[in-house]
Amino acid sequence: QGAASATGYRGAASATGYRGAAMASGYEGRAKGAVGNALFLAERDDDLNIISVWAGIVGRDGVKADTWYMCRGGKPVEAA
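About the criteria used
- Residues numbered from 1 in each chain as written.
- Predicted model: local features only at pLDDT ≥ 70, side-chain atom pairs only at ≥ 80, totals over all residues.
- Heavy atoms only, no water.
- Phe/Tyr/Trp six-rings, centres within 6.5 Å; stacked < 30°, edge-to-face > 60°.
- Helix = DSSP H or I, 4+ residues; strand = E, 2+ residues; numbered from the N terminus.
- Buried < 20%, exposed > 50% of the residue type's maximum accessible area, 1.4 Å probe, protein only.
- Core = buried A, V, L, I, M, F, W, Y, C linked by side-chain atoms within 4.5 Å.
- Contact = heavy atoms within 4.5 Å.
- Lys, Arg positive; Asp, Glu negative; His and termini not counted.
- Salt bridge = Lys/Arg side-chain N within 4 Å of Asp/Glu carboxyl O.

Engineer: Teacher, can you tell me more about the packing of aromatic side chains here?
Structural biologist: When we look at a pair of aromatic rings, we describe it by the centre distance and by the angle of the planes. If you walk through the whole model with that rule in mind, you get one aromatic pair. Ring geometry for tyrosine 9 and tyrosine 27: centres 5.6 Å apart, planes at 5°, overall stacked. Taken together, the residues tyrosine 9 in the loop between β1 (3-6) and β2 (12-15) and tyrosine 27 in the loop between β3 (21-24) and β4 (30-33) connect sequence positions 18 residues apart. A residue is classified by how much of its surface remains accessible, and tyrosine 9, at 57% relative accessible area, is exposed.

If you want it as structure tokens, here you go:
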């Protein structure tokens, strides 16, 4: 039931336990989690303004477990 957050430049957060959450709100931030964990992602422009956000649950709507995601256009995309 833990939570992880990453707010800095290219920060990364992961939720690998049970009923956890991971949030990435920094520029080019990424997050991943185990099945059932929540992910919260923000996309920023080059001036660091928030331009889109996404929230979802790992294991639903095609979001894969233990895979890094970034927000692009309000949707989760796998991070390279």
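Engineer: Is there a simple way to explain the nonpolar core in this structure?
Structural biologist: Nonpolar side chains in soluble globular proteins generally cluster together in the buried interior. Ala22, Ala31, Leu39, Leu41, Trp54, Val63 and Tyr69 are the most contacted members of the largest nonpolar core, which totals 13 residues. Contributing elements (two or more residues each) for this core: β2, β3, β5 (38-44) and β7 (69-72). Excluding residues that lie within four positions of it along the chain, leucine 41 makes contacts with Ala24, Ala31, Ser52, Val53, Trp54, Tyr69, Met70, Cys71 and Pro76.

Engineer: I keep staring at the side chain of lysine 32 and nothing clicks. Help me out?
Structural biologist: Mapping lysine 32 onto the fold places it in strand β4. Buried charge without a partner: lysine 32 forms no salt bridge, and the closest opposite charge is aspartate 66, 5.3 Å away. If we skip the residues at most four places from it in the chain, lysine 32 touches Ala13, Ser14, Ala15, Ala22, Leu39, Asp66, Thr67 and Trp68.

Engineer: Just checking my understanding: could you explain the pattern of salt bridges for this structure?
Structural biologist: Close approach of charged atoms lets side chains of opposite charge pair. Scanning the entire structure with this criterion turns up two salt bridges. Two residues, arginine 10 and glutamate 28, come together in a salt bridge whose shortest N-O distance is 2.8 Å. Within this pair, whereas arginine 10 is found in the loop between β1 and β2, its partner glutamate 28 is found in the loop between β3 and β4, the two being separated by 18 residues in sequence. Residue class for arginine 10 comes out partly exposed when judged on its relative accessible area of 47%.

Engineer: Whenever I open this one, the side chain of serine 25 confuses me. Can you help?
Structural biologist: Assignment of secondary structure puts serine 25 in the loop between β3 and β4. Those residues in contact with serine 25, other than ones at most four positions away along the chain, are Ala6, Thr7, Ala42 and Arg44.

Engineer: I'm lost on the environment of valine 63 in this one. Help?
Structural biologist: Note that valine 63 resides in the loop between β6 (50-57) and β7. Dropping the residues within four chain positions of it, valine 63 is found in contact with Leu39, Trp54, Ile57, Val58, Tyr69 and Pro76.

By themselves, these figures tell us nothing about what the structure is for.
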